[in-house]
Amino acid sequence: PAVTSPCKILKCNSEFWAATSGSHHLGAEEAPEFCTALRAYAHCTRRTARTCRGDLAYHSAVHGIDDLMVQHNCSKDGPTSQPRLRTLPPGDSQERSDSPEICHYEKSFHRHSATPNYTHCGLFGDPHLRTFTDTFQTCKVQGAWPLIDNNYLNVQVTNTPVLPGSSATATSKLTIIFKSFQECVDQKVYQAEMDELPAAFVDGSKNGGDKHGANSLKITEKVSGQHIEIQAKYIGTTIVVRQVGRYLTFAVRMPEEVVNAVEDRDSQGLYLCLRGCPLNQQIDFQTIRSAQATEGRARRKGPSLPAPPEAFTYETATAKCREKLPVEDLYFQSCVFDLLTTGDVNFMLAAYYAFEDVKMLHSNKDKLHLYERTRDLTPGNTAPAGTHPTLWVALLCLCWLCLL
């Protein structure tokens, strides 16, 4: 069964945005219509208040409405029918080309030093995590977990079971909070969930607000309902969010200086992109994959057992994953794992797009592929990744010579 949120704040946001598109530059004669839209927005949030108590986007919207009411001298009493406001012509927007230098990370922080070192973090599939230090983990992490938590932004994901009674989870909700920063941007909240990938922040805007450097934060829709990109130039950060099948994927490129900008490092224990998943939430990827391969061999030798149409065997899963991921790295192995665990071919696409995002966002092209390092041979591999067989022979010979 589909997991849906009873909180309808995204619907309220989209209705307000549709009614007020381009209204940041309204003339005085259209202020009453804007106030009408605001009252309708407030009414919508009140209707969904009971189911949105713990929702960050809801609380951000409520505070935003109050602020806009004050700014536009709107009365809380009055008509709430949705008006149709004018849309600005192309090119007439909030975006400004003369943003302050402080709102461009590379220009402001690194004018007299080397190019900043960028790092990457990604979350996709069932779910698989690639940390800022290029550690790759497969985790359980059901429920809400923080991916990033530093002085500039917070990212939280919610993972829900893929199938009833299954330990397999995937990301069904994502919340990103960009904190207010000097004269560049106001605080902005972005929220996506299953079947709802907006191309705007929760307040309906597409950039950093009314500050002079608003253009240093903006959202671009790459594929409607499937792929958005957020550029936060003031902190040198790029975020990619996709919906693949029913679930979300996340990828970010961020300077190390921003990654490590935390006031209290001891309180960052659950910052998954930096520290990884807690040990009790990690899945032993190698053991499960070995068991899956062994089970596949046993099934070939034993009696034929009926399987549901969507089920994959180890062999059919590996064949399917090779269609999009020809290199047998950890993205390929994640694909195989997810197909066997869920039977959903969309998880193959999630692994494929996760790797495509790595190719776009990772600054070190020699580290695109990750391979599992283990002392034991694993199905499909002839030797531990990263170790050449000739080296093992040479080491063994050296040991014998020492003994002689």
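Relevant structure appears above.
The sections below set out a description of the structure shown in this document. (Residues numbered from 1 in each chain as written. Predicted model: local features only at pLDDT ≥ 70, side-chain atom pairs only at ≥ 80, totals over all residues. Heavy atoms only, no water.)

## Quick notes on the sheet that holds strand S5 (residues 153-161)
Selection rule: Strand pairing is defined by DSSP finding a minimum of two bridges between the two strands. Only DSSP runs of H or I covering at least 4 residues are called helices, and only runs of E covering at least 2 are called strands; the numbering of each starts at the N terminus. Each axis is a line fitted through C-alpha atoms, and for a helix only the stretch in contact is used; angles between axes span 0 to 180 degrees, taken between their N-to-C directions.
Taken together, four strands build an open sheet; the order of strands is S4-S5-S6-S7 and the sheet is antiparallel. Only two strands of the sheet have a single neighbouring strand rather than two, namely strand S4 (143-149) and strand S7 (188-193). The average undirected angle you get between the axes of adjacent strands in this sheet is 20°. By the bridge criterion, nine bridges tie S5 to strand S6 (residues 169-178) in an arrangement that is antiparallel. Within the sheet, the bridge partner assigned to Leu153 lies in S6 and is Phe178.

## A look at empty space enclosed by the protein
The test is simple: Grid points spaced at 1 Å over the protein atoms alone were grouped into cavities, where a 1.4 Å probe fits but cannot get out, and pockets, open sets with protein on both sides within 12 Å along at least five of seven lines, with lining residues defined by an atom within 4 Å of a point. Grid points are joined across faces, edges and corners, and a volume is the space filled by probe spheres set on the points. Ten residue types, Ala, Val, Leu, Ile, Met, Phe, Trp, Tyr, Cys and Pro, are classed as nonpolar, four, Asp, Glu, Lys and Arg, as charged, and the remainder, Gly among them, as polar.
Using the criterion set out here, one finds two cavities of 30 Å³ or more in the structure. There is about 60 Å³ of room inside the largest cavity. The wall of the largest cavity is formed by Gly125, Ala170, Val244, Tyr247, Leu248, Thr249, Asn346, Phe347 and Ala350. Looking at the lining of the largest cavity residue by residue, the classes come out as six nonpolar, three polar and no charged. Put simply, the second largest cavity is a space of about 40 Å³. Breaking the lining of the second largest cavity down by element, the ones donating at least two residues are strand S1 (118-124), strand S11 (247-255) and helix H10 (346-361). A total of four residues in the lining of the second largest cavity trace back to one element, the largest contributor, which is S1. Grouping the constituent residues of the lining of the second largest cavity by class yields seven nonpolar, two polar and no charged.

## Some remarks on the state of the cysteines
The cut-off we apply is this: Disulfides are defined as pairs of cysteine sulfur atoms found within 2.5 Å of each other. Partly exposed describes any residue whose relative accessible area lies between the buried limit of under 20% and the exposed limit of over 50%, with all areas from a 1.4 Å probe on protein chains only and scaled to the type maximum.
If you walk through the whole model with that rule in mind, you get seven disulfides. One disulfide bridge connects Cys103 with Cys184, the sulfur atoms lying 2.0 Å from each other. A torsion of -100° about the S-S bond marks the disulfide between Cys103 and Cys184 as left-handed. You can see Cys103 sitting in the loop between helix H3 (56-71) and helix H4 (105-109) and its partner Cys184 sitting in the loop between S6 and S7, a full 81 residues away along the chain. By relative accessible area, Cys184 is classed as buried at 0%.

## Describing the nonpolar core
Quick reminder of the rule: Throughout this description, the term nonpolar core refers to a set of buried Ala, Val, Leu, Ile, Met, Phe, Trp, Tyr and Cys residues connected via side-chain atoms within 4.5 Å. Contact criterion: two residues are considered in contact whenever any of their non-hydrogen atoms come within 4.5 Å of each other.
Ranked by internal contacts, the top residues of the largest apolar core, which has 48 residues, are Leu147, Ile148, Leu153, Ile176, Phe178, Tyr234 and Phe250. Non-local contacts of Ile148, meaning those with residues more than four positions away in its chain, are made with Phe132, Leu153, Asn154, Val155, Phe250, Val252, Met254, Tyr271 and Cys273. Judged by nonpolar contacts, the second largest core, of 22 residues, contains Cys12, Tyr41, Cys44 and Ile177.

## Notes on unusual backbone geometry
Excluding glycine, most residues fall at negative phi; most peptide bonds, likewise, are trans. Within the chain, Asn73 stands out as a residue other than glycine whose phi angle is a positive 55°. You can see Asn73 is positioned in the loop between H3 and H4. The backbone of Asp195 shows a phi angle near 65°, a positive value even though the residue is not glycine. Position of Asp195 among the secondary structure elements: in the loop between S7 and strand S8 (217-223). Asp195 gets classed as exposed once you look at its relative accessible area, which sits at 61%.

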